[in-house]
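Here is what each chain is made of, one letter per residue.
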Amino acid sequence: MSTEEHTPTEAAPAGGAPRSLAEALRGRDDRSLAVLLRARPDLITPVPTDLTQLATRAGTRASVVRALERLDRFALQTAQALAVAADPASYDELAGLLAGDEADPAVTVALPHALGTLRDQALVWGADDRLRLVRTARELLAPSPQHPSPTGLGPTVAEATAGMSPGRVQEIVAEAGLASTHDSVSAVTALSGLFTDRRRMAALLASAPPESLDVLTRLMWGPPYGQVTASPAAHLRWLLDRGLLLPTAPGTVVLPREVALHLRAGRAHRETRPAPPPVEATAAHRPQVVDATAAGQAYTALATVEDLLKDWDEGGPGVLRAGGLSVRDLKRTAVALDMPEPVAAFWVELAYAAGLLASDGEADERYAATPAYDEWLELPAAERWARLATAWLTATRTAGVIGERDAKDRTLSALGPGLDRSAAPEVRHRVLALLAGLPEGTSATPDSLLARLHWERPTRGGQQPPQPQQQPTLSAHPAQPSRQGDDLRARIARWTLSEAESLGVTGRGALSSHGRALLGFPHDAAAGADLPETPGDKLPAHHVLLPHHPAPAPSPDLVAEQAAAASRAARLLAPLLPEPLDHVLLQADLTAVAPGPLKRPLADTLGVLADVESKGGATVYRFTPGSVRRALDAGRAASDLHDFLTAHSRTPVPQPLAYLIDDVARRHGHLRIGAASAYVRCDDDAMLNEILADKRSQGLGLRRLAPTVLAAQADPATLLDGLRAMGYAPAAESAEGDVLITRAHARRTPPRTAPEPVPDGPPAPDDTLLGAAIRAIRAGDLASTAPRKTTGDPAPSGALPRTGSAETLATMQAAVLTGEALWIGYVNAEGSASQRVIAPVRVEGGFVTAYDHTADEVRTFPLHRITGVAELVDDAT
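An account of the accompanying structure is given in this report. Everything numeric in this text was worked out from a predicted model, so none of it was measured.

**Some details on the overall build of the protein**
Thought 1: What the protein contains, in helices and strands, is 34 helices and 25 strands.
Thought 2: Burial status across the protein gives 49% buried among its 877 residues.
Thought 3: For the protein, the share of sequence-separated contacts (at least 6 apart) that also reach a separation of at least 24 residues comes to 68%.
Thought 4: A total of about 40,400 Å² of accessible surface is found on the protein, and carbon and sulfur atoms cover 54% of it.

If you want it as structure tokens, here you go:
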């Protein structure tokens, strides 16, 4: 976007330059107001009644803080420079504070854009010769002992000498080589003039002792405060006598702002960053290699989610009383998935964000797969991946904070409350968008990505609030400042890089073609240049966000665009994923090798018949008596298993495997267990004698009821498990004596919806809402500012008109005959008061029908709700 587009033309009112922010806003056109409201959507929540209320809301502390947090580094530095400049300041003065005496050309080029951004967001108003920072912003950014400025500057000479005695001021003026004056004001003015005169100030410092210059150098970039003893050394006394250091409290001195600026060659900041740092490339790979690597990770991601939910299919871990997963259950899940706990927590949270996992809501609440998981399994692999990736991009739940402590010193648990970080979706989009700005197949250094993100949002995300400055003792060297850790945005960015790689959005650190499509890029988009500062020139607005723009609302159009992008990504990924196989390779050691992913029916059946022994490029399944019995419990007969293996094996069925199936089938169901509380039934009384004689059966409380029946004190499930542990193959039976078939994967929660992302403040308004809001604000402003004749008692400025009911009725009736517009005060049924300009059409039955200029429609108003009326002056409308 060009500088001209960023800099609104502020038309001055008829009387000259704007005298307030409201007047400056009144001079803007609709397009400029739309830019403001889009950048600061909190200003239209709810819609202001007029431009005066809009200006008031734009100056509130909460709104200004939010706007400052969304500025890039140079725009924020521009605001900070205005906070230490005169009020009002000229453009040249501002440029001098940022570019310094040497007039840095990069600053000169970038300043109009930064100033235009501040004007767009109503943080600065006024013409170039009278620039004013919004009062609240000045209070937040101006230096003070309690809240030091990032510039490191202290108070001005006038501020520092405000409480000083006139005699002492005159002594300082005399020691500085200035003529004495008759009053303190002129003396302070003369001293300030000396400190801002480069030539005279250089001559004064040339006569300073070297130790004095060393003190000034130490205070030059801040903190500007220092401590001195009651009897300062000679080099400190030299500075105090000439006002180069001024006392602020007993034992405390400060370096005046004018002196610091001279020492800094006019710069307000030690380092001015007018341009964003570039994203540096680390390695370049062929795009085909990146896509293949990312596709392999995508397939692994799908397998990981399936393994996780398969492990929880028959009832997952319980839900903590405060919500979430216990540390012990997370460890068990990590062991089952063979991965570290933080990685397991990410996959658990991803399944939850995608709506595949939830709590069942029972009295003994547990986690399990949702019905949506079964629907997800039926989708093609590429579409399943697209659903996971879309859920990850938009989720505000952040797995990286699991294990940390919340504000109440409680540990944050997986699937528990308190994991939402509203900045997460924006940071993920921005990190991937920066990768997309590199040539295809190129990865970036994490440090350069973090530096770019920090430039775009220097004050956002976990920074410590301003702390009182430590005052160094000027007789000793100051300690080096400690380096603070990464803020939240930086941590989310680091997590994004690793999560995107695990999910297959990136491969070898570079954005894949399907990841590019997921963001909304065309597959053949030209790359190779860094992203512009305004990404909207090349990128879809809903995927790559301006540094100072909030995330857009999930409107139907946005949802449709995201679905279309996910569909394009799935189409690009599909050819890269391995084709599901319909066969395995059986081996004589009771194992089966799947050389690739298996088709769904084959994988499901084999997962019941055998246990997974190892994974990788090929999956190895092992057949055991327990796994074969599991298949028989699910209703399969031995002949079914033989036919299944013969049909799906590229190698002959090994004889040991056939013997294993027949042996387990021969013993399966020979023992029958039902509910008595529990019993064992068998036609072979010798086997029952063997069970009774086994010491391992003592805990089951068995006793013989008949030659072929044993009764047990244990419940049927415990009895089943106990006899199976003893090496038998019992089968459960129903009350009618039929064998019960137990099928796996039966436990599901009731229908659940995926968790909604927590928005980062009010959503960005769409064009329809913006147009309606601007029309309402304009109409309300017309009602509040239209010139009007006085009727009844004159109303104070901004107050509703007040007239009696008879006078209101008469004025309305007269306006119907003359067709004139009126200014009225109106209180609606909810008690909200407003001012309106109406053109009455009909008055009858206690109601007035009129064209409402505020709402741009014909409306009917009850007369008893009209507080008063006034005629507009001629040509007011």
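Further notes follow.
**Description of helix α12 (residues 184–196)**
Thought 1: For α12, built from 13 residues, the straight-helix expectation of 18 Å at 1.5 Å per residue is met to within 8% by its first-to-last C-alpha distance of 18 Å.
Thought 2: Where α12 begins, one side-chain oxygen reaches toward the backbone nitrogen of Val185, 3.1 Å away; that side chain belongs to Asp183.

**Observations concerning the sheet that holds strand β3 (residues 225–227)**
What links the strands of a sheet is backbone hydrogen bonding, and the strands pair in either a parallel or an antiparallel sense.
Thought 1: The strand order across the open sheet formed by three strands is β3-β5-β4, and the pairing between neighbours is antiparallel. A single partner strand is all that each edge strand has here, and the edge strands are β3 and β4 (246–249). With direction set aside, neighbouring strand axes in the sheet form an average angle of 40°.
Thought 2: Across three bridges, β3 lies against strand β5 (residues 252–254) in antiparallel orientation. Looking at the pairing, Gln227 lines up with Thr252 of β5.

**Let's talk about the packing of helix α21 (residues 381–394) against helix α24 (residues 488–503)**
Thought 1: The contact between α21 and α24 brings their axes to 11 Å, and the two run at 170°. It follows that α21 is roughly antiparallel to α24 by the angle criterion. Of α24, the residues touching α21 (which contributes Trp385, Leu388, Ala389 and Trp392) are Thr496, Glu499, Ala500 and Leu503.
Thought 2: Class assignment for the residues of the contact of α21 with α24 results in six nonpolar, one polar and one charged.

**Observations concerning the pairing of strand β18 (residues 703–706)**
Thought 1: Summarising the sheet, β18 and strand β19 (residues 709–712) pair through three bridges and their orientation is antiparallel. Each bridged residue has a counterpart across the sheet, and for Arg704 the counterpart in β19 is Leu710.
Thought 2: Here β18 hands over to β19 after two residues, the two strands then running antiparallel side by side.

Parameters at a glance
- Residues numbered from 1 in each chain as written.
- Predicted model: local features only at pLDDT ≥ 70, side-chain atom pairs only at ≥ 80, totals over all residues.
- Heavy atoms only, no water.
- Helix = DSSP H or I, 4+ residues; strand = E, 2+ residues; numbered from the N terminus.
- Buried < 20%, exposed > 50% of the residue type's maximum accessible area, 1.4 Å probe, protein only.
- Contact = heavy atoms within 4.5 Å.
- Areas by Shrake-Rupley, 256 points an atom, 1.4 Å probe, with all protein chains shown as cover.
- Expected span 1.5 Å × (residues − 1).
- Polar contact = N/O pair within 3.5 Å; in protein donor to acceptor, adjacent residues only side chain to side chain.
- Pairing = 2+ DSSP bridges.
- Axes fitted to C-alpha atoms, helices over the stretch in contact; angles between N-to-C directions.
- Parallel < 35°, antiparallel > 145°, perpendicular 65-115°, else oblique.
- Nonpolar A, V, L, I, M, F, W, Y, C, P; charged D, E, K, R; others polar.

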